[in-house]
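# Reading the structure
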Amino acid sequence: MSKHTVIVSGGMLEEDFALSVLKSKETEFIIGVDRGLDFLYKHNIQPDYIVGDFDSASSEVVSYYQEHTKVPVRRFNPVKDASDTEIALRMCLNLGRKCILILGGTGNRIDHIWANIQTLNIGLDAGADVKIVDNHNRIRLLDHGITLSRKEAYGEYFSVFPLGGSVEDFSIQGARYSLSHHLLTPYDSLCVSNEFREEEVQIMFSHGKVILMETRD
């Protein structure tokens, strides 16, 4: 299994869950993004890179990393054309990182969550495996079918939404609610909160892009 690069962004960071990811043996590279840097500082975790405009990070924490560590810091003007998370993701890709988890990509700000979900398309187009994760959700973007295993599922529910337009010839097999050769459109909630019926679920489509959300209460 490929080692993870973890982007620690400025959204919701559930302490126990975030620390379990950051301290996992599968995590080999960490990027602190804006307010996410405060979380890393609090828990004595030194990132490999720091990115952001730092409009929401503690100035004392930013100064500490700049003055007392050798961690590379890339500071951006707050008036910019991309979010801090997008900038961090593009940096990961430029560094050749292909297996990426985004922590702090969810939270109270729905506009930020949606921006982060759309940012997943940058990774998808670059051939990278990028996921937004928190204690209750694993979110990824797909441009091809996938088989989900009940044993490896993130939670008991999964939902599928098209991104960028309708998805033709869309099928789900092995789920409580199956579909066959369906036109999946952005304008209904048909594929929300499905469940496993069999040990494996197959999601199939020939072209287009879908958001896959695996969730648990």
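Here, every reference points to the structure presented above.
Below: a short report on this structure. (Residues numbered from 1 in each chain as written. Predicted model: local features only at pLDDT ≥ 70, side-chain atom pairs only at ≥ 80, totals over all residues. Heavy atoms only, no water.)

Attention now moves to the nonpolar core. General note: in soluble globular proteins, nonpolar side chains tend to be found buried as a group. Ile7 and Ile31 are the most contacted members of the largest nonpolar core, which totals 26 residues. Of all the secondary structure elements, the ones that give two or more residues to this core are β2 (27–33), α4 (84–94), β5 (99–103), α5 (110–125), β6 (129–133), β7 (137–142) and β14 (210–215). With six residues, α4 is the largest single contributor of residues to this core. Setting aside residues no more than four positions away along its own chain, isoleucine 7 makes contact with Ile31, Val33, Ala88, Leu89, Cys92, Ile100, Leu101, Ile102 and Leu103. Counting 23 residues, the second largest nonpolar core, distinct from the first, contains Ala18, Leu19, Val21 and Leu40. (Core = buried A, V, L, I, M, F, W, Y, C linked by side-chain atoms within 4.5 Å. Buried < 20%, exposed > 50% of the residue type's maximum accessible area, 1.4 Å probe, protein only. Helix = DSSP H or I, 4+ residues; strand = E, 2+ residues; numbered from the N terminus. Contact = heavy atoms within 4.5 Å.)

To continue, consider the pattern of salt bridges. Tallied over the entire structure, the rule returns eleven salt bridges. Measuring nitrogen to oxygen at the nearest pair gives 3.0 Å for the salt bridge that ties arginine 90 to glutamate 86. Here the residue arginine 90 and the residue glutamate 86 both occupy positions in helix α4, the gap between them amounting to four residues, near one helical turn. Residue classification places arginine 90 among the partly exposed positions, given a relative accessible area of 42%. Using a relative accessible area of 17% as the deciding quantity, one classes glutamate 86 as buried. For aspartate 129, the salt bridge identified is with lysine 131, shortest N-O distance 2.8 Å. Each of Arg138, Arg140 and Glu214 takes part in a single network of salt bridges with overlapping partners. (Salt bridge = Lys/Arg side-chain N within 4 Å of Asp/Glu carboxyl O.)

Any functional reading would require information beyond the geometric quantities listed.
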